[in-house]
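# Residue-level structure breakdown
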Amino acid sequence: MISDLRTPLQQLPAMTYEQMLDKVRYEGAYPTRERAEEATHLVLEGLGRQLTGDERVELAARLPFEAARVLTAQIPDTPPLTGWAFVKDLADRTGASLATTRWNTGAVFAAVAALAGPDLLTRILRQLPSGFALLFGRAELNPAA
C-alpha cells in the first residue's frame, strides 16, 4: 500500500491504554488496575475541561484512544482553573479528600507528561494558569519582573 505524501502520517501513541494504566498504577501505588483507571478517568475529564486549542488536539493525538476519548469528551471551562482550584474541583466532584485528589492528579499527570513529551508539555503549561507545573512534577518558575 502506498501512502499519500500530501497527508501527514498519523502518530501512534507511545503506549497502549493498558500500559498507561500500568504507569498510573505504579506512580500512584494503587492496589488494582481498576483503581488506576478510576483515577485516570477522573483526572483526564478534569484536564479536558481546562485545555483548548492546538495543545488539546496534539495531546489527544499522543494519548491512547481510550484516554483521548475521555479527554476530548469534555467541554472546556472558561476561565480555566488554577492548579489548586483544579484539585479542589476534582475533590468536590468526587467527595475525595484534597490529599487523595492531589495524589491521583500527580499519578495521572506523570503518565500524561511521558506521553506528551517535554515540548508539548511546556506549551500546555504555558496555556494553563499557575499551579499546574507542580501537578505535572515540574518547578513553577515565574519570569523575572
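Note that residues are indexed from 1 along each chain, following the sequence as it is written. Only residues with pLDDT of at least 70 are given local features in this predicted model, and only at 80 or more are side-chain atom pairs given and counted; all residues enter the totals for whole chains, interfaces and linings. To obtain the side-chain values, all non-hydrogen atoms of the structure were included, while hydrogens and water were left out.

### Here we look at the pattern of salt bridges
- Counted as salt bridges are all cases of a side-chain nitrogen of Lys or Arg within 4 Å of a carboxyl oxygen of Asp or Glu. Evaluation of the coordinates by the stated rule reveals nine salt bridges.
- Of the charged contacts in the structure, one is a salt bridge between R62 and E58, with a shortest N-O distance of 3.8 Å. With a gap of four residues between them, R62 and E58 both fall in helix α3 (residues 53–62), about one helical turn apart.
- A simple rule labels every residue: compare its accessible area, found with a 1.4 Å probe on the protein chains alone, to the largest value its type can have, and call it buried under 20%, exposed over 50%, or partly exposed in between. Residue classification places E58 among the partly exposed positions, given a relative accessible area of 26%.
- Here R123 ties to E58 by a salt bridge, and the two come within 2.6 Å at their closest N and O atoms. One end of the pair, R123, is in helix α6 (residues 98–127); the other, E58, is in helix α3, and 65 residues separate them in sequence. The secondary structure listing takes helices from DSSP runs of H or I that are at least 4 residues long and strands from runs of E that are at least 2 residues long, numbered from the N terminus.

### Points about helix α5 (residues 83–94)
- Between the first and last residue of a helix there are one fewer steps than residues, each counted as 1.5 Å, and that sum is the expected span. The end-to-end C-alpha distance of α5, which contains twelve residues, comes to 17 Å, matching closely the 16 Å that a straight helix rising 1.5 Å per residue would cover.
- For α5, the full list of buried residues reads G83, F86, V87, L90 and A91. In an axial view of α5, the angular spread of the buried residues amounts to 130°, which keeps them on one side of the axis. Away from its buried face by more than 90 degrees, α5 exposes W84 and D92.
- Packed against the buried residues of α5 are α2 (33–48), α6 and α7 (132–135). Here, the arc refers to the directions that run from the helix axis to the C-beta atoms. Note on contacts: a residue pair qualifies if any of its non-hydrogen atoms lie within 4.5 Å across the two residues.

Remember, this is a structural readout, not a statement about activity or role.
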